[in-house]
Amino acid sequence: MRIPCPYCGERDAHEFAYLGDATVKRPDFDARESLWVDYVYMRDNPAGRHREHWYHTTGCRSWLTVTRDTRTHQILTVEFASQGDAA
Amino acid sequence: MPLVAHRNARHSYSSNPYGRIRQSGRCRVIANQAYRLPEVGAIDRSRSLTFMFDGRAYGGFAGDTLTSALIANGVRLIGRSFKYHRPRGIFTSGPEEPNALVELGAGARREPNTKATTIELFDGLVAASQNRWPSLRIDLGAINSLLAPFIGAGFYYKTLMWPASFWETIYEPLIRRSAGLGRAAEGPDPDNYEKAHAFCDLLVIGSGPAGLMSALIGARAGARVILCEEDFAIGGRLLAEKHEIDGQEGRVWAAQTEARLTELQNVRIFRRTSVFGVYDGGTYGALERVTDHLRESTPHQARQRLWKIVARHVVLATGAVERHIVFGGNDKPGVMLASAARTYVNRFAALPGRHIAIFTCCDDGWKTAADFATAGATVVAVIDVRREISRAFARVAERIGARLVTGGRVVGTRGGRSLRSIDVIGADGQAVRFEVDCLGVSGGWNPTIDLTCHHGSKPRWSDDQHAYIADKLPPGLSIAGAAAGALSLPAALLSGAKVGHEAIHTLGFIARFPDLPRTDEDPARLNPFWHVRGSRGKAFVDLQNDVTVTDIEIAFREGFRSVEHLKRYTTLGMGTDQGKAGNVSGYAIMADLTGSSITVTGTTIYRPPHVPIAISAFAGHHRGKNFRPTRLTPSHRWAAEHGAIFVETGPWLRAQYFPKFGETDWLTTISREVTAVRTAVGVCDVSTLGKIEIQGTDAGTFLDRIYINTFSTLLPGKTRYGVMLREDGLVMDDGTTARLAADRYVMSTTTANAGLIMQHLEFCHQVLWPTLDVQLASISETWAQFSVAGPCSRATLAKLVDPPFNIANERFPHLSVASLTVCGGVPARLFRLSFSGELAYELAVPANYGDGVIRVIMSAGAEFGIEPYGTEALGVMRIEKGHVAGNEITGQMTARDLGLGRLMSTKKDFIGRRMAERIAFHDPNRPCVVGFRPTNRSARLQAGAHFVPCGAAPTAANDEGFMSSVAFSPSLGHWIGRGFLQRGPERIGGRVRAYDPVRATDVEVEICNPVFIDPEGGRLRA
């Protein structure tokens, strides 16, 4: 798999570390516990488009938000995670 | 060297089965390659080679494969079959070979189950047959053949079931002894392997007529082209056929095309390179056999190179593999694919037999008949299953003097270790026997489309082409030539041109459609025919796994009818050839039995790798110490000079302890080192701790959200101990962070977590709080850091620091930090931190000063009796002082469990705070950290022991926690420990039993404060 890093260009997936679901949002501190449990533990496992976090470990150390089709491994979009949820 | 060619030989090959060796100067040459044809072929007769097979020397030529050289020498018996130990010869001329498997090399380089058909001959090659005892000609295992009625499909499953106590003691050793073929290598692989990346616009896989056309178009259009060829020669079937292209031999056209490609800068040709897998994003795995064809690998050269090729577009021109026809006795040495037989004749000038018959269901078999006749062999008969054949073929039969049997079937074979005759029944039911030593079988062609399935699609049966063809292609891959069903030469050239032209246009290059080379007609009609019913003897479908038609019938009767079940029950299509020659026949026979069609039966899927790949190739250089390179501390050389014993801690090699002359055990040494620190001064390299510089106006706010305690209130010039949690509320790491200036902090992490914490901080900054003004940099390798600890540490360091820095206690008290210079101008950072509990400092200098500074510290401390100490003494002292370390931060502990709950701020949000509030984490029965000492002070403690109440049975129900760390305390003169005990802090002063069934110890211990040394902290503030 190849991931086009917005900073480094297209790179082999081995340069990246995978974290997972980028759609979860860290709740406010005083949010009810069930929201926190969902945030920490619950993850969807969609067949199809998925937004997920990848870290360019051996490259620029950027955290990226990658939209990937989990069925085909096609990479649809890649953004810097620091630029927020553009989707 | 006389080259004997028996154009009209009538004598039996038994008169001269093996070449004789004679001495000629320094090299031994072979007098006789009795089955070598004169003049023809693509071998280099000026380069004679000698090789060994089963302990005998033979001769061959450069350009031979092991099998072509064996054929030239009249060697027909190559191995014994997997299950029945039947004599087996050479069946194919390529990677689809099921029979001719040999052990190559010896000792650590021995490679079993190598397909002899793919081995390029080199001088000094040593190969041996497999799966026979005591010898290839006399093999006692062949008794299995007599037991055949009892060991059909599912034999092991049905027979070796009861009693269960036999499974591991009798059945498994039995199966292990009788199964398998070759023997594994006897030592670690001595060769080098490497991995490399390549990038191109157009990757062409296969260098036959279609592949060459595609590559030529891409190359001329200016695209970056990579052409991969599995063979050592370019040309594919052009090397093996007697085609004419543009008025010259096909082989010559291939060589000219190769020369044209080689001239172009934008083309790379990888020979001896198998593309074995299609991965995502246009990535292809390929294995280049760099030195396998050389007698000795050259120094610093890899034996094999694993390529990751990234291609914008791919033309798959992998050709096709001929399939056989299943009939009784079809495994006799001498029975081979018709296409392979003529490959040996045309390409290698090696005659597989002098009296050949052809058994065919398609036009292709006739080519072999014609080529054998041209080579001077006797074509005894052509048995074509078709009742009607073209008049052209009838004329061919007449011209070459072959008996023509239309509508015929081969129903049996005779011969022991080699084919002697075949029994044929004609359309009229008349039986006739032909004396032959070779039978070429031609059952049609299976396009080689394995790679098209690597993204999960299955091939589709084509009733037009009578073969499985590619269905859904991986993105960016198109398919040309015989692999796409274009079996005749003109069709293959056209297909290669069209597909290559389209691909190049897709990539944005402009190319004119090329003129196609002129060729002869090349008929490729086929009447599919799978299996001769009612033939005599065992009819093998899968020769490598000894799967017969009977086995498929058993599978059918017992309900294993789906192809996936059929494969697992009979082992059809397993092994190194993956059923390339026989699978489709098996499916056709099953379809016949179930009364359905192959379309319904379906096929099993192809997965990578397409050909066997050594694990070493995947590992490349990443093996042994290179799997994770050892990192050395800045003072490593100095420590080695001083006799340090080193220990691996994560990726680092650290000094464990420094034994002195006369010290016979580690405890003596470590106790001396601890005593030196507690009474004078010691020095230890702590550079391996992770160091992260954090800068920016929001750095304090950021750290408040990372740590459970507060850092924004830390004054510049001070350091503080901090604990960080994961978001699930459990402790992730600890360490000290110093504030160098208002907007500048430096964090230390544990050695093991250095990389992980950096990644975590980057996540928190970039993903969670991107608006904070924070910059992070890993500086772990930038600084060498030494702990100088003990009552004399200040006096020692005072000799190093440059004025005007004042190290006096009142000017630089406990938990201070400063930037300064030492040793006359070396930039440094000095931290007043103590892990040991003594007055202590950590001095950081740029890493390249590390070696020099440790030497200066040692000489400065000499007058105080300074001793270096290692990780063991460090560990003993932190247990004495009651600090947590890796043994306690297991990823399952809360800050409260570790006795650090009081650090947790309630005034701010931080990572893990909310989940740490969960009720279960505050259960008073949760084991919490406390100290332990043996009631009987001479007893030894063991980490890992579990706590049970005194007098209670040591059962899981009574388990109250466990001992996490123990040490012999030289300061106290007995063993001490720390561990997690239910309601531990409330029970201080009580007793509990430390029970360790693993090490068979059972010790009563007193529960105590985990800080054994100086609990008031007077020493470190002194």
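Above this text you will find the structure in question.
Predicted model only: the values in this text are computed from it and were never measured.

A. Representation of the environment of Val 204 of chain B within the structure. Residues and elements named next belong to chain B. Of note, Val 204 is situated in strand β10 (residues 193-205). In this structure the C-alpha to C-alpha distance between Val 204 and Val 315, which are 111 residues apart in sequence, comes to 4.8 Å. The residues touching Val 204, leaving out its near neighbours within four places in the chain, are Gly 211, Ser 214, Ala 215, Val 225, Ile 226, Leu 227, Cys 228 and Val 315.

B. A look at the environment of Gly 620 of chain B. Residue and element names in this part refer to chain B. When you line up the elements, Gly 620 lands in the loop between α15 (615-619) and β33 (631-632). The class of Gly 620 is buried, set by a relative accessible area of 2%. Separated by 275 residues in the primary sequence, Gly 620 and Ala 895 place their C-alpha atoms 43 Å from one another. Residue contacts for Gly 620: discarding those within four places in its chain leaves Tyr 193, Glu 194 and Lys 195.

C. Inspection of the pairing of strand β5 (residues 63-69) of chain A at higher detail. All names here are of chain A. Burial runs high along β5: 7 of the 7 residues are buried. One ladder, built from 7 bridges, connects strand β4 (residues 49-55) with β5; its direction is antiparallel. Bridge pairing in β5 links Arg 51 to Thr 67. Where β5 and strand β6 (residues 75-80) come together, 5 bridges link them in antiparallel fashion. Looking at the pairing, Arg 68 lines up with Ile 75 of β6. Turn length for the β5-β6 hairpin, with the two strands adjacent in sequence and antiparallel, is 5 residues, and the turn residue His 73 shows positive phi of about 60°.

D. Local environment of the pattern of salt bridges. Tallying each qualifying case throughout the model produces 71 salt bridges over all chains. Across the pair Arg 61 of chain A and Glu 762 of chain B runs a salt bridge whose closest N-O atoms are separated by 2.8 Å. Placement of the pair is Arg 61 of chain A in the loop between β4 and β5 and Glu 762 of chain B in helix α19 (residues 754-768), with the two residues belonging to separate chains. For Arg 61 of chain A, a relative accessible area of 27% gives the class partly exposed. Here Glu 241 of chain B and Arg 237 of chain B are joined by a salt bridge, their closest N and O atoms 2.8 Å apart. Exposure remark for Arg 237 of chain B: the relative accessible area of 27% places this residue in the partly exposed category. It is possible to trace a salt-bridge network through shared partners that takes in Arg 237, Glu 241, Arg 342, Asp 364, Lys 367 and Asp 522 of chain B.

E. Region of interest: helix α13 (residues 583-594) of chain B. All names here are of chain B. In this model, α13 (12 residues) spans 17 Å end to end at C-alpha, consistent with the 16 Å of a helix rising 1.5 Å per residue. Taking burial as the measure, the 12 residues of α13 include 9 buried ones, the bulk of the element. Residues of α13 that are buried include every one of Asn 583, Val 584, Ser 585, Gly 586, Tyr 587, Ala 588, Ile 589, Met 590 and Ala 591, and no others. Looking one or two places after α13, you find Gly 595, whose phi comes out positive at around 70°.

F. Region of the structure containing the interface of chain A and chain B. Between chain A and chain B, the residue contacts involve 27 residues of the former and 29 residues of the latter. Together, the buried faces of chain A and chain B total about 2400 Å²; carbon and sulfur atoms form 55% of this surface. It is Arg 26, Phe 29 and Trp 63 of chain A that lose the most area in chain A upon contact with chain B, and together they represent 29% of the buried surface on that side. Applying the counting rule to chain A against chain B returns 4 salt bridges. Of the charged contacts, one joins Asp 909 of chain B and Arg 26 of chain A as a salt bridge, the two residues approaching to 2.9 Å between their closest N and O atoms.

Reading guide: rules and limits
Residues numbered from 1 in each chain as written. Chains lettered and ligands numbered in written order. Predicted model: local features only at pLDDT ≥ 70, side-chain atom pairs only at ≥ 80, totals over all residues. Heavy atoms only, no water. Helix = DSSP H or I, 4+ residues; strand = E, 2+ residues; numbered from the N terminus. Contact = heavy atoms within 4.5 Å. Buried < 20%, exposed > 50% of the residue type's maximum accessible area, 1.4 Å probe, protein only. Pairing = 2+ DSSP bridges. Salt bridge = Lys/Arg side-chain N within 4 Å of Asp/Glu carboxyl O. Expected span 1.5 Å × (residues − 1). Buried area = accessible area lost by both parts, 1.4 Å probe.

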